[in-house]
Amino acid sequence: MKKQKIFDFLDNEKIGSKIIDFNHKNITTVRFLIPSIHCSSCVLILEKLPKMYKNIFDSTVNFSNKKIWITFNNTELKISDIAKLLDNMGYSPSINFESIENIKNNSNLFGRKLIGKLAISFFCFGNIMLLAIPEYVGAQQDTWFMENRNFFRYLMLVLSLPVVIFSFLDHMKYAVLGLKKNILNMDVPISIGILVLFLWSCFEIFFDLSSGYFDSLSSFSLFLLISRIFQIYTHNEILSFDKNYKSFYPVLITKVQNNEKEEKILLSSLKKGDFIVIRNEEVVPVDSVLIKGNAVLDNSFITGESYLINKEIGERIYAGSRQKGEAIIIKVIKNVDHSYLSLLWNKNKSNQSYYKKLFYLNSISTRFSQYFTPIILMISIITGIYWSFSNDVSKIFQTVFSVLIVTCPCALVLSTPLIFGNIIRFFSKKGFYVKDIYTMERISSVRTLIFDKTGTITDPNKEKIFFVGNMKHEEKKIIASLLKNSSHPLSQRILSELSIKDFYLIKNFREIIGQGLEGVIKNIPVKVGSQKYLGITKKIINKNEINQTTVFISINNKFVGYFLFRNYYREGIEKIFKDLKEYKIIILSGDQNDLEKRYLKSILPKSSQVFFSQSPEDKLNYVKKLQKKGEKIMMFGDGINDCAALNQSEVGVSVSENPTGFFPSCDAFMKSNCLNKIFLFLRVSKISYRLVFINFMISLFYNSVGIFFAISGNLKPFIAAILMPLSSFSVIFFSIISTWILSRRLIF
């Protein structure tokens, strides 16, 4: 039996369902555990799969959990084909389903293996150093030692073999994988250094020239392993980017009790067997089965394809689907997988704006990684050529190896995630939940701030609602039955005010974002929304009400009346805008109230602009217009009406009182009571960017000094191998201390 036939069992429907996260028609998303993922270049290689294979649509890696999600065409490929492909690439997936479900145990096992390697490497290093000491202290003058020198030297060779096998095979494997995919990663210079250093040491021993560089080789490999363990620990413990809802952003879900009473609960409290309500534009948070209602689902967040899917009662609904229509009731069939929804938030690459993708390609770490390895290889080659004109051949290898060793990129690789990662954690404690380190980097560069009005800079909890017109109890019940299906803040506020407990069934529900909603209840058409949406042409609002938000009602094609919202701006709104005077501030609102527009202009800095009567399309187009002028934008909105504009902006922030929906297209969530800290968050982001730059300068200074001594031939490989982890430690120490001081002085 061929080795890869071991994956054929994955094509069994019952077995495959354990690792399938989405399946519809020709599209399947499968999840694998890849224990061999060990660095950023592994992630880069695996996420390039869609570019290399036309039947793979998307590939997303979670580094800290060593998981990969692959979306593929199931008419052309099977799950076993994907597993075989990964195995051929050197990233063999785990086929132990118990270990896939219990990722923590796998991480511990992986850590124990590294500790085992570390113990063996330390043993070999210590003994090699003991055997090398006699020659360092002048034992060549001793007759007995000179007669037995080959015994000591060959013993050092034998002791170095485990060290070379551990270090060289690991790094060479990933260096070759990178080169196959046209990626020149950091494993290339490390592999070259280890191999040549070992071969040259063997040459010197075989020809009785000297004891070789086995001591330097063993120390180099030992400290590389220490750096690798520390880097993994840093990713998994200090900077746990596997954000979960329980400790990160407080998403609330509407749970239905046995008596059909609804209550808001944290997503982390959701259990298998619970019944929950999903309204229009809300994202399904867990795998479930449809119990009640007409499910019309948009799976673009999962597959990247924007087409609607209808589901019937009893059919399965996958986490990540967005409901487009009336409210539905679903039954949870799987426990909440926090990492999957966090991944969904991060993986939405197909919907990212051109400007976000461009920024990602030009981020600090990406720009640096493109040039670092080629430059180091060129320097080492030029150094070798320079010393080739001397008569000391050993000097050539010593200088070349010193360059390769002293320029280990560990410290530079850690700089950005350490600084931005720690700041993300501090922000989350203050109600500002940022997606990733690339978003943090974009926040530090924005100069233009755009705010939606309703529910963003106004406080819906303090709004007073008045109804102008005559409305009977039956009409209230009809209106409430329609509003129940919408997650819009105004709909939910009116629904709460009506205090209706029993609802009618609805047909043909439709919501036009930014305009209104409609449906058929008891065979009667009902509309709720703007005056224009209802087709009311005459002016019916009193002059003293023109500065207030209005929602119009139509039942059976007859105008019934309208709800008046007396807006209350958030406490300290004037100070918020005053603190942000160094930024360009723009208000984009769907309201049509001139008096309110005048009030906003009076509290905004003079350079600010206010635009009313803006549809979602108008907001999107305005953001695009500013971006064409080169402006970098951070937009604050409610996540529903402003979804397109938020996604288009460099940074889109969804602001909410108690988040009841999940918006994967946003880059960050902010609790509404934290709006007064915007200036603080922006200031800290700018300072954190400078800290990253300082970290880079520290690392580059160390590398520059090290290269100078290496080229001149005054840096021994052993000394370089010791200095390398010290460089990483200095970067890590500076990152942790500087961000802690920054958080204490400005955030807490």
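Reading guide: rules and limits
Residues numbered from 1 in each chain as written. Predicted model: local features only at pLDDT ≥ 70, side-chain atom pairs only at ≥ 80, totals over all residues. Heavy atoms only, no water. Helix = DSSP H or I, 4+ residues; strand = E, 2+ residues; numbered from the N terminus. Buried < 20%, exposed > 50% of the residue type's maximum accessible area, 1.4 Å probe, protein only. Contact = heavy atoms within 4.5 Å. Areas by Shrake-Rupley, 256 points an atom, 1.4 Å probe, with all protein chains shown as cover. Phe/Tyr/Trp six-rings, centres within 6.5 Å; stacked < 30°, edge-to-face > 60°. Lys NZ or Arg CZ within 6 Å of the ring centre and 35° of its normal. pLDDT = per-residue confidence, 0-100. Patch = residues over 30% accessible without salt bridge, like charges linked within 9 Å, V, L, I, M, F, W, Y side chains within 5 Å. Salt bridge = Lys/Arg side-chain N within 4 Å of Asp/Glu carboxyl O. Axes fitted to C-alpha atoms, helices over the stretch in contact; angles between N-to-C directions. Left-handed = near helix turned anticlockwise from the far one by under 90°. Expected span 1.5 Å × (residues − 1). Pairing = 2+ DSSP bridges. Arc of directions from axis to C-beta.

What follows covers the overall build of the protein chain. If you tally the helices and strands in the protein chain, you get 25 helices and 26 strands. Here the protein chain holds 748 residues, and 56% of them are scored as buried. Counted over contacts in the protein chain with a minimum sequence separation of 6, partners at least 24 positions apart contribute 68%. Working note: accessible area of the protein chain is about 33,700 Å², and carbon and sulfur atoms make up 57% of it.

Once that is clear, we can look at the packing of aromatic side chains. All told, the structure shown has 16 aromatic pairs when counted by the stated rule. Among the aromatic residues, ring-to-ring pairing joins F427, F432 and F681 into one connected group. Here the guanidinium or amino end of R447 rests over the ring plane of Y583, the centre of that ring lying 4.9 Å away. The ring of Y533 carries the charged tip of K527 above its face, separated from the ring centre by 5.0 Å.

A few words on the confidence of the model for the protein chain. Per-residue confidence for the protein chain gives a mean pLDDT of 80, with 80% of residues at or over 70. Per-element confidence in the protein chain ranges from a low mean pLDDT of 49 for helix α5 (residues 97–101) to a high of 95 for strand β15 (residues 448–451). Residue range residues 99–105 is modelled with pLDDT below 50. Its contacts to residues more than four positions away, or to other chains, number 14 contacts. Note on residues 237–242: pLDDT under 50 across the span, and 18 contacts to partners over four residues away in sequence or across chains.

This brings us to a nonpolar patch on the surface. On the surface, a cluster of nonpolar side chains totalling about 540 Å² of accessible area is made up of F151, L155, V158, L161, I165 and L169. Take F151: it is sitting in helix α8 (residues 149–180). Judged by relative accessible area, F151 falls into the exposed class, the value being 55%.

On to the packing of helix α18 (residues 473–483) against helix α19 (residues 489–498). In contact at an axis separation of 9 Å, α18 and α19 are set at 145° when each is read in the N-to-C sense. As for how α18 packs across α19, the hand of that crossing is left-handed. For the pair formed by α18 and α19, the contact residues are K476, I479, A480 and L483 on the first element and S491, Q492, I494, L495 and L498 on the second.

All right, on to helix α24 (residues 678–712) then. The terminal C-alpha atoms of α24, which comprises 35 residues, lie 51 Å apart, in line with the 51 Å expected from a rise of 1.5 Å per residue. Positioned one or two residues after α24, G713 has a phi angle of 85°, which is positive.

Before going further, it helps to examine the pattern of salt bridges. The tally for this structure, following the rule as stated, stands at 21 salt bridges. For K324, the salt bridge is made with E281, and the minimal N-O distance between the two is 2.9 Å. On the criterion of sequence distance, the pair formed by K324 in the loop between β12 (322–323) and β13 (328–332) and E281 in the loop between β7 (275–278) and β8 (288–292) is long-range, its members being 43 residues apart. Classification of K324 by relative accessible area gives partly exposed; the value is 30%. On the accessibility criterion, E281 (11% relative accessible area) is buried. With its nearest N and O atoms 3.2 Å apart, the salt bridge here joins R442 to D667. Of this pair, R442 sits in helix α17 (residues 437–443) while D667 sits in the loop between β25 (651–656) and β26 (668–671), and the two are 225 residues apart along the sequence.

Strand order in this open sheet of six strands is β6-β5-β7-β13-β8-β11, and the pairing throughout is antiparallel. Since the sheet does not close on itself, it has two edges, and those belong to β6 (262–266) and β11 (316–317), each with one partner. With five bridges connecting them, strand β5 (residues 252–256) and β6 associate as antiparallel partners. Within the sheet, the bridge partner assigned to V256 lies in β6 and is E262.

Moving on, we come to unusual backbone geometry. Phi is positive for E281, close to 75°, though the residue is something other than glycine. At S499, a position not held by glycine, the phi torsion is positive, near 55°. In this fold, S499 is placed in the loop between α19 and β17 (507–512). A relative accessible area of 52% places S499 in the exposed class.

All right, on to the sheet that holds strand β3 (residues 56–62) then. The strands that make up a sheet pair up through hydrogen bonds in the backbone, lying either parallel or antiparallel. Judged by pairing direction, the sheet is antiparallel, and its four strands sit side by side in the order β1-β2-β4-β3 without closing on themselves. Each having just a single partner strand, β1 (20–24) and β3 make up the two edges of the open sheet. Put simply, the sheet's adjacent strands are angled 15° from each other on average, direction ignored. Relative to strand β2 (residues 27–33), β1 is paired through four bridges, and the arrangement is antiparallel. By the bridge assignment, N23 is partnered in β2 with T28.

Quick look at the side chain of K435 now. With respect to the helices and strands, the residue K435 is situated in the loop between β14 (432–434) and α17. Residue K435 is classed as buried on the basis of its relative accessible area of 5%.

Quick look at α19 now. Listed as buried for α19 are L490, S491, I494, L495 and L498. Taken around the axis of α19, the buried residues stretch over an arc of 135°, which confines them to a single face. Summarising the contacts, the buried residues of α19 are in contact with β16 (464–469), α18, β18 (516–521), β20 (549–555) and β21 (558–566). Of the residues trailing α19, S499 is marked for its positive phi of about 55°.

If you trace the backbone, D459 turns up in the loop between β15 and β16. By relative accessible area, which is 12% here, D459 ends up buried. Sequence separation between D459 and S672 is 213 residues; the distance between their C-alpha atoms is 8.4 Å. The residues touching D459, leaving out its near neighbours within four places in the chain, are Y568, Y569, R570 and E657.

Residue placement: G16 occurs in helix α1 (residues 13–16). On the basis of relative accessible area, G16 is assigned to the buried category, the value being 2%. The spacing of G16 and V30 is 14 residues in sequence and 8.5 Å in space, taken between C-alpha atoms. Apart from residues lying up to four places away in sequence, G16 is in contact with L10 and I79.

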